[in-house]
Amino acid sequence: MKWEENVRKVVPYVPGEQPNRPDMVKLNTNECPYPPAPGVEKVMREFDYSKLRLYPDTQATALAEALAEYYGVKKEQVFVGVGSDDVLAMSFLTFFNSDRPILFPDITYSFYDVWAELFKIPYKTIPLSEDFRIVPEDYKVENGGVIFPNPNAPTGILESLDHIEEIIKANQDVVVIVDEAYIDFGGESALPLLEKYENVLVVQTFSKSRAMAGSRIGFAIGNEKLISYLNDAKFSFNSYTMDSLTIQLGAAAVKDDEYFKEITGKVVKTREWTKEELKKLGFSFEDSKSNFIFATHKERKAEDIFNYLKSKDIFVRYFKKPRIDNYLRISIGTDKEMEILIRELTAYLKGAEND
Ligand SMILES: *Cc1c(COP(=O)(O)O)cnc(C)c1O
């Protein structure tokens, strides 16, 4: 058809499946196994539904203020979006506007190349080292912007702040985005670097460490000028992104720091236990500082293990992609869920010895 020639054609990002089986163990999309902070439930119960009649606050002020206070920045330095995917997409559109290619790792969050394609942004992927590390030296080439997650996904590897700063220092003529979706599980945020560099944008999400993937809350913190450009793009696209209930739910979550520390601490503890158990079973992995472990087995194929686990209603993530097609990304669930996983893996690997 002739009209099809004018259609913007994209190969979309493929999210992890959202199966819904009664006794499943869902370890495939890095959600938090615990509920959101109790204050979130209270806000939800007490929310005056008649308010839905009105448009929401376009600036999500209550949430932006709570975040500003929590992170010790001005509210003008905070941008809020419908999940960090929304924040990141808007940031690609706003900041990556050069003829030179933007740079990101070859193994990373698989939405980056999708946005680059969608917005027709030239890009170049920089291979991670053999052991999946980001090599700062490789980012010292001409480019139109830089983005990477820290810890990286799906490897879970955290790079030190010195490492991150080396990349930023070499790229002060472009915007550098640090995607900190997993920073709350033992990482050191790049936020302090904002005082030194005005071209850095730190993006975080409520989906993992704040147990609110279903509410879709993400945010960026950066220099006021950077944030104002981001707002200009957002207001040229869709002013009313976050709904009025979610704004309040998010603010309530930020205000309960004790609960936040409790659940992230629990996830970290369970992660360390799981690492030990996986090692005993013959898995190997780089040290994860996120809420998942990216593991490979010395004898069994990742895809076979993936399929076996799935047959037992245990869902993990498998990426059939170059360099990582023998790895499984296993989200950290509750202690009980991880025990079930280890039990099934043990049964599978023992059975494998016999056949
Ligand atoms: C999960 C994730 C996101 C997106 O999270 P939202 O649910 O959209 O907030 C962004 N970047 C990375 C690296 C992620 O893993």
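Residues numbered from 1 in each chain as written. Predicted model: local features only at pLDDT ≥ 70, side-chain atom pairs only at ≥ 80, totals over all residues. Heavy atoms only, no water.

**Q** Explain the site of the ligand here, please?
**A** Neighbouring the ligand are the residues Gly83, Ser84, Asp85, Leu88, Tyr109, Asp179, Ala181, Tyr182, Thr205, Ser207, Lys208 and Arg216. Thr205 is positioned with one of its side-chain polar atoms (N or O) 2.5 Å from an oxygen atom of the ligand. A distance of 3.1 Å is found between an oxygen atom of the ligand and a side-chain nitrogen or oxygen belonging to Lys208. Coverage of the ligand by the protein amounts to 92% of the 380 Å² it exposes when considered alone. Considered class by class, the residues forming the shell around the ligand number 4 nonpolar, 4 polar and 4 charged. (Near = heavy atom within 4 Å. Polar contact = N/O pair within 3.5 Å; in protein donor to acceptor, adjacent residues only side chain to side chain. Areas by Shrake-Rupley, 256 points an atom, 1.4 Å probe, with all protein chains shown as cover. Nonpolar A, V, L, I, M, F, W, Y, C, P; charged D, E, K, R; others polar.)

**Q** Explanation requested: helix α2 (residues 61-71) in the structure shown.
**A** Of the residues making up α2, those classed as buried are Leu63, Ala64, Ala66, Leu67, Ala68 and Tyr71. Two residues or fewer past α2, Gly72 is found with a positive phi of approximately 65°. (Buried < 20%, exposed > 50% of the residue type's maximum accessible area, 1.4 Å probe, protein only. Helix = DSSP H or I, 4+ residues; strand = E, 2+ residues; numbered from the N terminus.)

**Q** Looking at this structure, I do not really get the pattern of salt bridges. What am I missing?
**A** Pairing between side chains of opposite charge can happen when the charged atoms of each approach one another. With the rule as written, the count across this model stands at 24 salt bridges. Measuring nitrogen to oxygen at the nearest pair gives 2.7 Å for the salt bridge that ties Lys196 to Glu165. Linking Lys196 in the loop between β6 (176-179) and β7 (200-205) with Glu165 in helix α5 (residues 161-169), this pair joins segments that are 31 residues apart in sequence. Judged by relative accessible area, Lys196 falls into the exposed class, the value being 57%. Look at the salt bridges and you will find they share partners, linking Arg271, Glu272, Lys275, Asp287 and Lys289 into a network. (Salt bridge = Lys/Arg side-chain N within 4 Å of Asp/Glu carboxyl O.)

**Q** I tried to follow the domain arrangement of the protein on my own but got confused; where do I start?
**A** Frequently, the measure chosen for interface size is the accessible area removed from exposure when the parts meet. Annotation of the protein at the domain level lists domain 1 (13-35 + 258-354) and domain 2 (38-256). The C-alpha centroid of domain 2 is placed 26 Å from the C-alpha centroid of domain 1. The partner domain 2 presents 33 residues to the 30 residues of domain 1 that form the contact. Summed over both partners, the interface of domain 1 with domain 2 comes to about 2,500 Å²; 64% of that surface belongs to carbon and sulfur atoms. Sorting the residues of domain 1 by area buried against domain 2 places Tyr13, Phe260 and Arg323 first, and these three jointly supply 31% of that buried surface. Between the two partners, domain 1 and domain 2, sit 1 salt bridge. In this assembly, domain 1 and domain 2 are joined by 9 residue pairs in polar contact (both at pLDDT 80 or more). Broken down by secondary-structure element, the contributors of at least two residues to the side of domain 1 that touches domain 2 are α8 (257-280) and β10 (292-297). The element best represented in the side of domain 1 that touches domain 2 is α8, accounting for 9 residues. Split by residue class, the side of domain 1 that touches domain 2 holds 14 nonpolar, 6 polar and 10 charged. (Domains from an automatic or database assignment. Contact = heavy atoms within 4.5 Å. Buried area = accessible area lost by both parts, 1.4 Å probe.)

**Q** Looking at this structure, how should I read unusual backbone geometry?
**A** Trans is the common state for peptide bonds, and a negative phi is the common state for residues other than glycine. For the bond running from Asn150 to Pro151, omega is -5°, close enough to zero to count as cis. When you line up the elements, Pro151 lands in the loop between β5 (146-149) and α5. Ala153 connects to Pro154 through a cis peptide bond whose omega is 0°. Within the secondary structure layout, Pro154 lies in the loop between β5 and α5. Phi at Lys120 is positive, roughly 55°, even though this residue is not glycine. Following the sequence through the fold, Lys120 ends up in the loop between α4 (112-118) and β4 (123-126).

**Q** Would you take a moment to explain the packing of aromatic side chains for this structure?
**A** For any pair of aromatic rings, the description consists of the separation of the ring centres together with the inter-plane angle of the planes. The tally for this structure, following the rule as stated, stands at 23 aromatic pairs. Measuring from ring centre to ring centre gives 4.2 Å for Tyr55 and Tyr240, while their planes differ by 20°; the resulting arrangement is stacked. With Tyr55 in the loop between α1 (38-46) and α2 and Tyr240 in the loop between α6 (224-234) and α7 (244-255), this residue pair connects regions lying 185 residues apart in the sequence. Given the relative accessible area of 64%, Tyr55 is considered exposed. Exposure remark for Tyr240: the relative accessible area of 37% places this residue in the partly exposed category. Measuring from centroid to centroid gives 5.9 Å for Phe206 and Phe219, while their planes differ by 90°, and the two rings are edge-to-face. Within this pair, whereas Phe206 is found in the loop between β7 and β8 (218-222), its partner Phe219 is found in strand β8, the two being separated by 13 residues in sequence. This pair shows no difference in class: Phe206 is buried, exactly as Phe219 is. Site record: aromatic cluster; members linked through ring pairs are Tyr13, Phe92, Phe96, Phe104, Tyr109, Phe111, Tyr112, Trp115 and Tyr123. If you follow Arg210 out to its NZ or CZ, it ends over the ring of Phe206, 5.4 Å from the centre. (Phe/Tyr/Trp six-rings, centres within 6.5 Å; stacked < 30°, edge-to-face > 60°. Lys NZ or Arg CZ within 6 Å of the ring centre and 35° of its normal.)

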